[in-house]
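What follows is the residue order along each chain.
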Amino acid sequence: MMAVRKDLSIEYLGVKCENPFFLSSSPVGGNYDMVAKCFEAGWGGVFFKTIGIFVADECSPRFDNNGKEGLPWIGFKNMEQISDKPTEQNFEYLARLKRDYPDKVVVSSIMGSDEDEWKKLAKLSEQAGVDLIEGNFSCPQMTSHAMGSDVGSSPELVKQYSEAVTSVTDIPFIAKMTPNITNMNLPARAAALGGAKGISAINTIKSITNIDFEHMTAMPVVDGKSSISGYSGAAVRPIALRFCALLAQDALLRDAEFSGIGGVETWRDALEFLLVGCRNIQVTTAVMQYGYRIVEDMISGLSHFMEERGYDDLDALIGQALPNIIPAEELNRDFRIIPNIDRDKCVGCGRCYISCCDGAHQAIDWEEDARRPAINDKCVGCHLCLNVCPVAGCITPGEIRFKEGRRHTDILLKRYYD
Amino acid sequence: MSKLATAEYASEAQAGFTHRTAMEEAARCLLCHDAPCSAGCPAGTDPGRFIRSIRFRNPKGAAETIRENNILGGSCARICPCDKLCEEACSRSGIDRPIEIGKLQRYAMEQENIFHLKTRRPPQEKKALRVACVGAGPASLACAAALAEAGYGVTIFEAEAKAGGMLTYGVPPMRLPQEVIDRDIDAVRGLGVEFVFNTRVGRDIGLGDLKAKGFAAVFIGAGLWRSKLPDTEGAELDGVLTAVDFLKNARSTGGRTELEGKSVVVIGGGDVAMDCAATAKLTGAQSVAIYYRRTLEEAPANADELRYVFSLGVPIVTNFAPARFVGDGGKLKSAEFKGRDGKSFASVTADVVVFAAGQAPEDMTRLAGDLRLTQEGLIDADGSGHTNLPFVFAAGDAVNGGKTAVEAVAEGKAVAVEMIARLENAPKDGANRDGKEVR
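What counts, and where the lines are drawn
Residues numbered from 1 in each chain as written. Chains lettered and ligands numbered in written order. Predicted model: local features only at pLDDT ≥ 70, side-chain atom pairs only at ≥ 80, totals over all residues. Heavy atoms only, no water. Pairing = 2+ DSSP bridges. Helix = DSSP H or I, 4+ residues; strand = E, 2+ residues; numbered from the N terminus. Axes fitted to C-alpha atoms, helices over the stretch in contact; angles between N-to-C directions. Core = buried A, V, L, I, M, F, W, Y, C linked by side-chain atoms within 4.5 Å. Buried < 20%, exposed > 50% of the residue type's maximum accessible area, 1.4 Å probe, protein only. Contact = heavy atoms within 4.5 Å. Lys, Arg positive; Asp, Glu negative; His and termini not counted. Salt bridge = Lys/Arg side-chain N within 4 Å of Asp/Glu carboxyl O. Polar contact = N/O pair within 3.5 Å; in protein donor to acceptor, adjacent residues only side chain to side chain. Domains from an automatic or database assignment.

1. Side note on the sheet that holds strand 12 (residues 345-349) of chain B
Residues and elements named next belong to chain B.
At step 1: Pairing within the open sheet is antiparallel, and its 3 strands lie in the order 10-11-12. Only two strands of the sheet have a single neighbouring strand rather than two, namely strand 10 (320-328) and strand 12. Taking each pair of neighbouring strands and ignoring which way they run, the sheet shows an average axis angle of 20°.
At step 2: Inspection of the sheet shows strand 10 paired to strand 11 (residues 331-339) by 8 bridges, in the antiparallel sense. Paired with Ala321 across the bridge in strand 11 is Lys338.

Below you can see the structure in the form of structure tokens.
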């Protein structure tokens, strides 16, 4: 056991969770044994793989990933649909899990193709004794347009099916959103109007990860062909954070609780979602790559952060970043921060020079003899150089210069970059 | 630019990782299912686990794993022969080269220091029984830490003025800075272990006295503090030194070896020989050469150590064994070596010869007349640390004949478990190793 352990428990929709780390509805939580193992590893709960009346018939292969500069799995593509197991068997798993792990949170994820199916699945969930029900309105790779993200991008259908579920059960209902839509707040509000208490975001993003030059199709290659399907993993985290922040800032959703999904691998990623207002965190792709064990460092790392910052209660962290994420028109634009280049730390690669010349404002001169960059008067304070510099702590925010005629105020600077 | 590295005696041979470079290295780790690196660490430091913590942005958790498993995690990170242990086992070698595990461990231990983490804490409940440890080297420190955590009152008796044993008085500071050792020792002290310095058990206090003072059990981790000096002709000359004395003197004088302008020959092929050569070179010797009686392949020194002395410009002459030392007026003038082939011969002028061809125990019968020893004069203890005397346990170099610090930690930890088991079920008048228990 690691030494520093904080109480990471938190209530989500009235259900006590030992920690906010849950598996999301996906291949990582598709049967009893998998979920039992994840519980033993320390996960607080599971959104079980989506159960429908429809039983999926899957293609092979069904996964692909893309990387950058030798690092694989920046993003991951998944063509798997909802559960390929019989409906009854899935509910039997859920009942047994809840019986054997009463302190863990078991959430059924369901997907119907019409109102009756939604109601039936909700009743079966209730009979299985689940803590919460999530409606999957968002799987982008269903073989039927009556299900998945086609439904989730229609606020009317989201509301109708949310009503169907909440009309037959009192178990809190969570609507899972698709990011394949311009304004997620519309279906989220519709879900809330339909009685949903929680919103999960985001499901996967429709994608083509790679084109195969051998068969002139996308990846993965299924008998020489492929399809567009859902993209997940670290690459989607920024998009997920944006959707979650916008949901959490929506006054019309003030009564909803949010569960954040998208590229969470570490405690830091999870913390980011908490800070934009999520009370619950869901993970799949990193588990597919690394296994259930990653929760150990989520628990330990978040505990250390709370210890370092003096937090004893996870609730105190929820939404802390929201007041500081503001519309672009409200930002203070009175100043620019000139970067400071530490010539001793500089190794002389010239990457800041190249990027500034070709991607910014030609504000760095290259001292050929010394092989060192020097910032000139054209600097606008964009900090492209800071972002491209490979040396930790070499380029940092420096002098603050106020624009002509603007008010001089105290400016908050970021000091620590990893 | 010179091919040779220039360095100072007290400056570290190798720079550590930054956050970024540590993450780059951790990203190379394959995060194996049944991490062979973890199985490869004698002390169970669990690199597979702590590298995973670094990879998942939890360096504090990494530090905790290390410190929990290995109370001397900071020192071991610097001096472990990783290329023969965890890194040799690394699966990544099947692709290109192993993960730099020792260096990642050092990074995590540096984070521990930066964030003032206190991973191991004294137990809430203390036991009435007290245990004495003889010697403040790695075996005793590891044993003492485990006993203290279990609630026993532990006192370490140390002959020297400082704790650390070979870490403090043997390994040179460019490999192992004193502050790293001190932090490890602070971790032991933080568990409530008491130290009594300048007190040699067997001279200033007897093993029997410890019992009389109320110690219920004794752990002997006395180490090997006598260098083997072969009966080579001229070994008595002024200028012929043993490695232990040479390193201890250098370390305790802060590098004032008075070797300026002198020619030094080091004899041996292990890490200690490399340490002697580096120390001689970095404290001002004009020329330093290592002579080793076997081949480089057979040399027990680890690869990093060899590379380091090469980088300092120290040559290693292999297949030459010392034949005779020649002096003038009692002072060493030259050393003569004969080749392994039976024909070659070398005569080298030398002001100083340092013998680093293995260590031996001091006279252990001084500890207790009835303590059973091996033919080599080592303490005769079994795998669980039992000696022939009731409630007297031993491990580390004084038992195994001289291995690594990490193995001494492993032994100290393991013997502590055995000691705790025995003390828990302690019959009033003790146990011995042969009979199950003496009642």
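2. Here's the deal with the nonpolar core
At step 1: Among the nonpolar cores identified, the biggest contains 171 residues, and Phe21 and Trp43 of chain A are the most heavily contacted of them.
At step 2: With 10 residues, the single largest contributor to this core is helix 16 (residues 405-424) of chain B.
At step 3: Apart from residues lying up to four places away in sequence, Phe21 of chain A is in contact with Leu8, Trp43, Gly44, Gly45, Ala270, Ile281, Val295, Met298, Ile299 and Leu302 of chain A.

3. Digging into the side chain of Thr155 of chain B
At step 1: With respect to the element layout, Thr155 of chain B can be found in strand 2 (residues 153-157).
At step 2: Once you skip the residues sitting within four places of it in the chain, Thr155 of chain B turns out to touch Val131, Ala132, Cys133, Glu194, Val196 and Phe215 of chain B.

4. Regarding the side chain of Glu58 of chain A
Residue and element names in this part refer to chain A.
At step 1: Position of Glu58 among the secondary structure elements: in the loop between strand 5 (51-52) and strand 6 (63-68).
At step 2: Buried and unpaired, Glu58 has Arg62 as its nearest opposite-charge partner, separated by 5.0 Å.
At step 3: Within the local environment of Glu58, its side chain forms a polar contact with the backbone nitrogen of Gln81, the two atoms lying 2.8 Å apart.
At step 4: Look past the residues within four positions of Glu58 in its chain and what remains in contact with it is Met79, Glu80, Gln81 and Ile82.

5. Some details on the sheet that holds strand 6 of chain A
Residue and element names in this part refer to chain A.
At step 1: The sheet built from 4 strands is open, its strands ordered 6-7-15-12 with antiparallel pairing. Lying at the two open borders of the sheet, with one neighbouring strand each, are strand 6 and strand 12 (205-207). Recorded for the sheet is a direction-independent mean angle of 45° between the axes of neighbouring strands.
At step 2: In terms of strand pairing, strand 7 (residues 71-78) meets strand 15 (residues 229-232) through 3 bridges, oriented antiparallel. Residue Asn78 lies in a different strand from strand 15, and its bridge partner there is Gly230.

6. Some thoughts on the pattern of salt bridges
At step 1: The tally for this structure, following the rule as stated, stands at 50 salt bridges over all chains.
At step 2: A salt bridge links Glu69 of chain A to Lys68 of chain A; the shortest N-O distance between them is 2.7 Å.
At step 3: When its relative accessible area of 72% is taken as the criterion, Glu69 of chain A is described as exposed.
At step 4: Among the salt bridges present, the one from Glu25 of chain B reaches Arg28 of chain B, with a minimum N-O distance of 2.8 Å. You can see Glu25 of chain B and its partner Arg28 of chain B sitting in helix 1 (residues 19-28), 3 residues apart, about one turn around the helix. Judged on exposure class, the residue Glu25 of chain B and its partner Arg28 of chain B are both buried.
At step 5: Counted as one network, the salt bridges with shared partners bring together Glu25, Arg28, Arg92, Asp96 and Arg97 of chain B.

7. Thoughts on the domain arrangement of chain B
Residue and element names in this part refer to chain B.
At step 1: Domain annotation of chain B identifies domain 1 (19-114), domain 2 (130-225 + 361-424) and domain 3 (227-359).
At step 2: Just the C-alpha atoms count here: the centres of domain 2 and domain 3 sit 30 Å apart.
At step 3: On the side of domain 3, 14 residues touch domain 2, which itself brings 17 residues to the contact.
At step 4: The residue Arg175 makes a salt bridge to Glu305 at a minimum N-O spacing of 3.0 Å.
At step 5: Linking domain 2 with domain 3 are 9 residue pairs in polar contact (both at pLDDT 80 or more), by the criterion used here.
At step 6: It is helix 9 (residues 166-169) that contributes the most residues to the side of domain 2 that touches domain 3, 4 residues altogether.

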